[in-house]
Amino acid sequence: MNQQLALAIQLNDEATLEDFHWGENLLLQQHILEKNNKQLLYIWGTTGCGKSHLLQACCQAFQPADAIYLPLNTLKEFGPEVLDGIEGHSLICIDNLDAIIGEADWEEALFHLYNRIRDQETHKLIVSASTPPANIQIRLADLKSRLSWGLVIQLNELHDPHKIDTLQRHAKKRGFELPTSVAQFLINRCARNMHDLHQLLNRLDESSLAAQRKITIPFVKQALNL
């Protein structure tokens, strides 16, 4: 179980603040990069807008022993006991809060964790969800109120030019050039969110290496059966 849990919270090495494209999210960028002293931060935004990347990147910016990343959609099967004692970390990033909505034991465990972190004063908690605290369907009223204790910021989805730039930078790290026309084609025909676009790009890279072909629009159509 411990080994499974360790794998569940393992960080993606490619998720760094240097690789994160802030786009129009200037307030959030300022807050994160200037290491604002706000103890509690709640980030919300649509699926695939970059919340998981950002939380993992924040953890990467800390010493490994000082930060912990907790994706609740993955950890839910392990039970709320995974939250016991984690307030000892200087930075705690709780991702995908939506995954445990309506689960009484999880909501209570998070409520107590908020209180323990608040008592630490110098430690920071970042939480991500798909909706702002006022709209989230948390049943435990005391937990819902605590979600609004700190700073609440929306992570806005990138505009297409920023998505293209992000994809091209990702491609360059993998060792190939991604034409702008191909990136735009992927956005128009395949996916809008960055998580799915990155997955598609990785898949195309592997296919192009196997086929010894460049990534062009005709190749994308063939590889993805479009």
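In this text, all values refer to a predicted model and were calculated from it rather than measured experimentally.

What follows covers helix 5 (residues 104–120). One full turn of an α-helix is made of 3.6 residues, so residues set three or four places apart face in the same direction. Helix length check: helix 5, at 17 residues, gives a terminal C-alpha distance of 25 Å against a target of 24 Å (1.5 Å per residue), a fit within 8%. Residues of helix 5 that are buried: Trp-106, Glu-107, Ala-109, Leu-110, Phe-111, Leu-113, Tyr-114 and Ile-117. Buried residues along helix 5 sit in contact with strand 1 (40–44), helix 4 (72–75), strand 3 (91–95), strand 4 (124–129) and helix 6 (141–146). Backbone geometry just after helix 5 places Glu-121 at a positive phi near 70 degrees.

Leu-83, Ile-94, Leu-97 and Leu-110 are the most contacted members of the largest nonpolar core, which has 30 residues in total. Of all the secondary-structure elements, those providing two or more residues to this core are strand 1, strand 2 (67–71), helix 4, strand 3, helix 5 and strand 4. When residues in this core are grouped by element, the largest group, seven residues, is from helix 5. Phe-176, Leu-178, Ala-183 and Leu-204 belong to the second-largest nonpolar core, a separate cluster that totals 21 residues.

Attention now goes to the packing of helix 7 (residues 160–173) against helix 8 (residues 180–189). At a minimum axis separation of 10 Å, helix 7 and helix 8 run at an interaxial angle of 115 degrees. Between helix 7 and helix 8 lies a crossing whose hand is right-handed. Facing helix 7, whose interface residues are Asp-160, Lys-163, Ile-164, Leu-167 and Gln-168, helix 8 presents Thr-180, Ala-183, Gln-184 and Ile-187. Class assignment of the residues belonging to the contact of helix 7 with helix 8 gives a composition of four nonpolar, three polar and two charged.

Right, let's get into the environment of Ala-57. Here Ala-57 is to be found in helix 3 (residues 51–60). Counting along the chain gives 109 residues from Ala-57 to Thr-166, while the straight-line C-alpha distance between them is 15 Å. Residues in contact with Ala-57, not counting those within four places in the same chain, are Ala-15, Thr-16 and Leu-17.

Another aspect to go through is the sheet that holds strand 1. Ordered in space as 2-3-4-1-5, the five strands form an open sheet in which the pairing is parallel. Each of the sheet's edge strands pairs with one partner strand only, and the pair in question is strand 2 and strand 5 (151–154). In this sheet, neighbouring strand axes are inclined to one another by 15 degrees on average, regardless of whether the strands run parallel or antiparallel. Here strand 2 runs beside strand 3; their pairing, made up of five bridges, is parallel. Bridge pairing in strand 3 places Ile-68 opposite Ile-92. Helix 3 rests against strand 1, strand 2, strand 3 and strand 4 of the sheet, and its axis sits at about 165 degrees to strand 3.

Both faces of the sheet carry side chains from a regular strand, because those side chains alternate between them. Judged by how many residues are buried, strand 2 sits mostly within the fold: five of five residues are covered. What you see with strand 2 is no split at all: Ala-67, Tyr-69 and Pro-71 on one side and Ile-68 and Leu-70 on the other are buried throughout.

For the pair helix 7 and helix 9 (residues 194–211), the least separation of the axes is 11 Å and the interaxial angle reads 35 degrees. Helix-helix and strand crossings are classified by hand; for helix 7 and helix 9 the assignment is right-handed. Judged by residue contacts, Lys-163, Thr-166, Leu-167, His-170 and Ala-171 of helix 7 engage Met-194, Leu-197, His-198, Leu-201 and Asn-202 from helix 9. Residue classes in the contact of helix 7 with helix 9 are distributed as five nonpolar, four polar and one charged.

The final tally for this structure, using the stated rule, is one cavity of 30 Å³ or more. Quantified by volume, the largest cavity comes out at close to 30 Å³. Around the largest cavity, the lining residues are Ile-94, Leu-97, Leu-110, Tyr-114, Val-127, Leu-143 and Leu-147.

By rolling a water-sized probe across the atoms, one finds the places where empty space is left. When its volume is computed, the largest pocket comes out at roughly 860 Å³. Looking at the largest pocket, it is lined by 33 residues, and the ones nearest its centre are Gly-50, Ser-52, His-53, His-195 and His-198. Elements that contribute at least two residues to the lining of the largest pocket include exactly helix 3, strand 4, helix 7 and helix 9. A per-element tally of the lining of the largest pocket places helix 9 first, with five residues.

With that settled, consider the side chain of Gln-39. Note on placement: Gln-39 falls in the loop between helix 2 (26–33) and strand 1. Polar side-chain contacts of Gln-39 include one of 3.2 Å to the backbone oxygen of His-123. Those residues in contact with Gln-39 that sit more than four places away from it in its chain are Ile-117, Arg-118, Gln-120, Glu-121, His-123, Lys-124 and Leu-125.

Basis of the calculations
- Residues numbered from 1 in each chain as written.
- Predicted model: local features only at pLDDT ≥ 70, side-chain atom pairs only at ≥ 80, totals over all residues.
- Heavy atoms only, no water.
- Helix = DSSP H or I, 4+ residues; strand = E, 2+ residues; numbered from the N terminus.
- Expected span 1.5 Å × (residues − 1).
- Buried < 20%, exposed > 50% of the residue type's maximum accessible area, 1.4 Å probe, protein only.
- Contact = heavy atoms within 4.5 Å.
- Core = buried A, V, L, I, M, F, W, Y, C linked by side-chain atoms within 4.5 Å.
- Axes fitted to C-alpha atoms, helices over the stretch in contact; angles between N-to-C directions.
- Left-handed = near helix turned anticlockwise from the far one by under 90°.
- Nonpolar A, V, L, I, M, F, W, Y, C, P; charged D, E, K, R; others polar.
- Pairing = 2+ DSSP bridges.
- 1 Å grid on protein atoms, 1.4 Å probe; cavity = no way out; pocket = protein on both sides within 12 Å on 5 of 7 lines; lining within 4 Å.
- Points joined across faces, edges and corners; volume = space filled by probe spheres on them.
- Polar contact = N/O pair within 3.5 Å; in protein donor to acceptor, adjacent residues only side chain to side chain.

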